[in-house]
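Working through the structure, step by step
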Number of protein chains: 2
Amino acid sequence: MAKQPTALECGLAILHSTFQKYAGTDGDNKTISKKELSAMLKEQLPMLAGDECVTALMETLDQDKSGTLDFMEYCVMITTLCSFASGHMPPQ
Amino acid sequence: MAKQPTALECGLAILHSTFQKYAGTDGDNKTISKKELSAMLKEQLPMLAGDECVTALMETLDQDKSGTLDFMEYCVMITTLCSFASGHMPPQ
């Protein structure tokens with residue numbers, strides 16, 4: 001019988017499949033455009049889906065100023081959101 | 001009827017609950033010790049559970065040299081593992 005994936009393996013798989021689901025809509029599945037990020041947030045994290053929030057996230061996370069988020073920048077977003085949601089943010 | 005959590009909400013919840021599950025075993029539930037990290041990897045990511053791997057992860061991720069991983073350092077680990085697993089690592 002195949003080994004069941006662990007909780008953390010499932011968590012990592014969700015992060016990756018969510019990126020792939022939204023990154024591919026404009027033909028380039030390696031990056032997430034602002035439009036794709038907006039669609040992702042509307043469907044996946046509705047409380048963050050406002051235009052201002054999408055713009056702020058893009059400006060903060062698009063470290064190489066490419067106008068898109070690559071997978072690493074996307075993962076930093078997830079890390080930041082996770083920290084905010086769990087109240088673990090370091091003192092500013 | 002209560003709204004179903006989205007996939008990404010579930011992913012974030014898994015990351016947080018996994019941290020809490022292992023961070024609390026030594027009484028300090030805000031950080032993960034080397035022993036707790038080893039237990040987490042053995043149960044959650046067995047392919048990374050070797051002593052060398054645990055030591056390398058701790059040395060790389062324990063940015064403030066506290067001997068433990070806080071939640072942000074843990075999230076960086078998740079980001080790195082996710083990138084490795086998905087082949088999205090930036091060129092070294």
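Residues numbered from 1 in each chain as written. Chains lettered and ligands numbered in written order. Predicted model: local features only at pLDDT ≥ 70, side-chain atom pairs only at ≥ 80, totals over all residues. Heavy atoms only, no water.

**Some words on the overall build of chain A**
- Helix and strand content of chain A: 4 helices and 2 strands.
- When its helices and strands are written in sequence order, chain A yields α-β-α-α-β-α.
- Projected onto the principal axes, the alpha-carbon positions of chain A cover approximately 45 × 40 × 25 Å.
- Per element, the accessible surface of chain A, about 5000 Å² overall, is 60% carbon and sulfur.
- Considering chain A, the positive charge centre built from 7 side chains and the negative charge centre built from 12 side chains are found 5 Å apart. (Helix = DSSP H or I, 4+ residues; strand = E, 2+ residues; numbered from the N terminus. Areas by Shrake-Rupley, 256 points an atom, 1.4 Å probe, with all protein chains shown as cover. Lys, Arg positive; Asp, Glu negative; His and termini not counted. Charge placed at Lys NZ, Arg CZ, Asp CG, Glu CD.)

**A look at the UniProt feature "domain: EF-hand" (unreviewed entry) in chain A**
- Taking the numbering used here, the UniProt-annotated feature "domain: EF-hand" (unreviewed entry) corresponds to residues 49-84 of chain A.
- Secondary structure content for residues 49-84 of chain A is 69% helix and 8% strand, and the end C-alpha separation is 16 Å. (UniProt positions renumbered as here; feature names shortened; annotations may be inferred.)

**Remarks on the relation of the copies chain B and chain A**
- Once turned by 180° and shifted 0.0 Å along the axis, chain B lies on chain A with an RMSD of 0.0 Å. Those values place the two copies in the arrangement expected of a two-fold rotation axis. Residues of chain B ranked by C-alpha distance from the rotation axis are headed by Gly11(B), positioned 2.3 Å from it.
- A symmetric contact is evident, with 100% of the interface residues of chain B recurring at the interface of chain A. (Least-squares fit on C-alpha atoms with pLDDT ≥ 70 in both. Contact = heavy atoms within 4.5 Å.)

**Thoughts on unusual backbone geometry**
All names here are of chain A.
- Even without being a glycine, lysine 65 presents a positive backbone phi close to 50°.
- The topology assignment puts lysine 65 in the loop between α3 (51-61) and β2 (68-70).
- According to the relative accessible area criterion, lysine 65 is exposed, its value standing at 59%. (Buried < 20%, exposed > 50% of the residue type's maximum accessible area, 1.4 Å probe, protein only.)

**Things to note about the interface of chain B and chain A**
- Taken together, the contacts link 32 residues of chain B with 32 residues of chain A.
- Summed over both sides, the interface between chain B and chain A buries roughly 2800 Å², with carbon and sulfur atoms accounting for 78% of that surface.
- Viewed at the interface, chain A and chain B are joined by 7 residue pairs in polar contact (both at pLDDT 80 or more).
- Looking at the side of chain B that touches chain A, the elements with two or more residues in it are α1 (7-23), α2 (34-44) and α4 (71-86) of chain B.
- A total of 11 residues in the side of chain B that touches chain A trace back to one element, the largest contributor, which is α1(B). (Buried area = accessible area lost by both parts, 1.4 Å probe. Polar contact = N/O pair within 3.5 Å; in protein donor to acceptor, adjacent residues only side chain to side chain.)

**Concerning α1(B)**
- Taking 1.5 Å per residue, 17 residues should reach 24 Å; α1(B) reaches 24 Å between its end C-alpha atoms and fits that length.
- All of the buried residues in α1(B) are Leu8(B), Glu9(B), Gly11(B), Leu12(B), Ile14(B), Leu15(B), His16(B), Thr18(B), Phe19(B), Tyr22(B) and Ala23(B). (Expected span 1.5 Å × (residues − 1).)

**Side note on the environment of Asp51(A)**
- Relative to the elements of secondary structure, Asp51(A) occurs in helix α3.
- Spatially, the C-alpha atom of Asp51(A) lies 9.9 Å from that of Lys34(A), the residues being 17 residues apart in sequence.

**Quick word on the pattern of salt bridges**
Residue and element names in this part refer to chain A.
- Throughout the structure, instances matching the rule amount to 2 salt bridges over all chains.
- Between lysine 21 and glutamate 43 there is a salt bridge, with the nearest N and O atoms lying 3.8 Å from each other. With lysine 21 in helix α1 (residues 7-23) and glutamate 43 in helix α2 (residues 34-44), the pair connects residues that are 22 residues apart, well separated along the chain.
- A residue is classified by how much of its surface remains accessible, and glutamate 43, at 46% relative accessible area, is partly exposed. (Salt bridge = Lys/Arg side-chain N within 4 Å of Asp/Glu carboxyl O.)

**Observations regarding the side chain of Glu73(B)**
All names here are of chain B.
- Note that glutamate 73 resides in helix α4.
- The side chain of glutamate 73 sits in the buried core without any salt bridge; lysine 65 is the nearest counter-charge, 7.9 Å away.
- Residues within four places of glutamate 73 in sequence aside, it is in contact with Leu61, Asp62, Gln63, Asp64 and Thr68.

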